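Report on the structure
So the chains spell out like this:
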Amino acid sequence: MIRYTDLHTEGEPTRVIISGFPDLGSGSIRDRCQRLQDQYSQLCSGIVREPRGHEAMVGALLLESEDPDCDHGVIFFNNVGPLGMCGHGTIGVVRALHEMGRIKDEKVTLETPAGMVEASLDKDGSVSVINVESYCYRRDVTVELAGGQRVTGDIAWGGNWFFISDTCDITLKNSNLSRLIDFTISIRTALEESGITGRDGETIDHIEVHESLSDGDSEEGQKGVRCFVLCPGMEWDRSPCGTGTSATVACQADRGLLAEGEIWLQESLPGGRFEATWRPGIEGIVPTIRGRAWMCSQGELIFEDGDPFRHGFPS
């Protein structure tokens, strides 16, 4: 049996695995993440996919870190495999650790496969995450979709690889959800067929589209966007996406459109919000993402022998 805590961060679920997962051995979190992928991918699917979970759920496996600068280690995974980083998941993990009494002085450092992140729990219950260094890799990349439509966007790293576009003729609202999913899937397909990748040939597995915030949705003069993010596994992010917000801020800073310390507001389709700022990094920028997570449930997952869906519904 696997003990867990379920939370949601601005609408996006995180299932924090407290205990019961098989031992991944020693080494860095990146090394142990590879072992998880090689040996326990079916178990991960059973944890986050139906019937025990949901296709949009992200798992967060808590581990001990061997890095003396880190308080804990964490591996994030979704319905198709591990993630380099997860912003909304980190906010959920910090809230879960706080409820477990495992955060000292309301601050925590976490070792992730993408690098070390720092987080703090604010007095109002929000969590601020200093993410891994993020950067704009390529500007104004144009792809042609199957129907002939051309879409231009930036390629950026925020802990995962993103294609970010302001070119979207579909209004970002719930009634257009199926159209938005089809549109962003077509962008990802076009990127793959065109051989367009992130640095070192890495797959761009997150697609993010923007629209301007409506009047009254933000304070006068505040910068930001409403966003829709397609994640690996072709599910969409119910939160504003922490790594996507980081990648967006990196592009805004790269273009000189967002000053150091200036607040960026990112809103999701359901209306959840992240605030973000940045400071200079070595290669790009170091973003800080701020949002809130709420506890949903706690319990144990049971995987009975003979259960035809112990590893989740087949793809």
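Before any of the text, the structure's been laid out above.
Summary of the structure given here. (Residues numbered from 1 in each chain as written. Predicted model: local features only at pLDDT ≥ 70, side-chain atom pairs only at ≥ 80, totals over all residues. Heavy atoms only, no water.)

1. Looking at the nonpolar core
Counting 63 residues, the largest nonpolar core has Phe76, Val93, Phe163 and Ile187 as the members making the most contacts within it. A per-element tally of this core places helix α4 (residues 177–194) first, with 6 residues. Dropping the residues within four chain positions of it, phenylalanine 76 is found in contact with Val58, Gly59, Ala60, Pro82, Leu83, Met85, Cys86, Gly89, Thr90, Val93 and Thr112. One finds Leu24, Cys33, Met57 and Phe303 within the second-largest nonpolar core, a separate group that totals 19 residues. (Core = buried A, V, L, I, M, F, W, Y, C linked by side-chain atoms within 4.5 Å. Buried < 20%, exposed > 50% of the residue type's maximum accessible area, 1.4 Å probe, protein only. Helix = DSSP H or I, 4+ residues; strand = E, 2+ residues; numbered from the N terminus. Contact = heavy atoms within 4.5 Å.)

2. Brief notes about the environment of valine 132
Within the secondary structure layout, valine 132 lies in the loop between β8 (127–130) and β9 (135–144). On a C-alpha basis, the gap between valine 132 and alanine 114 in space is 7.1 Å, while along the polypeptide they are 18 residues apart. Excluding anything up to four places from it in sequence, valine 132 contacts Met85, Ala114, Gly115, Met116, Val117, Trp157, Gly158, Gly159, Ile285 and Pro287.

3. So, unusual backbone geometry
That bond from glutamate 50 to proline 51 is cis: its omega, 10°, falls within 30 degrees of zero. Locating proline 51 in the fold gives a position in the loop between α2 (41–48) and β3 (58–63). The backbone phi angle of aspartate 200 is positive, close to 60°, even though this residue is not glycine. Within the element layout of this structure, aspartate 200 appears in the loop between α4 and β12 (206–212).

4. Focus on α4
An ideal rise of 1.5 Å per residue puts 26 Å on 18 residues; α4 measures up with 26 Å between its terminal C-alpha atoms. Residues of α4 that are buried include every one of Leu180, Ile181, Phe183, Thr184, Ile187, Arg188, Ala190 and Leu191, and no others. Those residues of α4 that are buried are in contact with β9, β10 (150–157), β11 (161–165), β12 and β13 (223–230). Downstream of α4 by one or two residues, glycine 195 has phi in the positive range, about 70°. (Expected span 1.5 Å × (residues − 1).)

5. A short note on the side chain of glutamine 266
Within the secondary structure, glutamine 266 sits in strand β14 (residues 264–267). Residue classification places glutamine 266 among the buried residues on the basis of a relative accessible area of 0%. Among the polar contacts made by the side chain of glutamine 266, one reaches the side chain of glutamate 208 at a distance of 2.8 Å. Every residue in contact with glutamine 266, bar those within four places of it in the chain, is listed here: Glu208, His210, Val225, Cys227, Pro240, Gly244, Thr245, Thr248, Gly272, Arg273 and Phe274. (Polar contact = N/O pair within 3.5 Å; in protein donor to acceptor, adjacent residues only side chain to side chain.)

6. Focus: the environment of glycine 261
Relative to the helices and strands, glycine 261 resides in the loop between α5 (242–254) and β14. Sequence separation of glycine 261 and tryptophan 278 is 17 residues, and the distance between their C-alpha atoms is 5.7 Å. Apart from the residues within four sequence positions on either side, glycine 261 is in contact with Thr277 and Trp278.

7. A word on the pairing of strand β1 (residues 2–9)
With 6 of its 8 residues buried, β1 lies for the most part within the structure. With 8 bridges joining them, β1 and strand β17 (residues 293–301) adopt antiparallel strand pairing. Paired with histidine 8 across the bridge in β17 is tryptophan 294. Here β1 runs beside strand β2 (residues 12–19); their pairing, made up of 7 bridges, is antiparallel. Counterpart to arginine 3 in the pairing with β2 is serine 19. Linking two consecutive strands that pair antiparallel, namely β1 and β2, is a turn of 2 residues; a positive phi of about 50° is found at glutamate 10 within it. (Pairing = 2+ DSSP bridges.)

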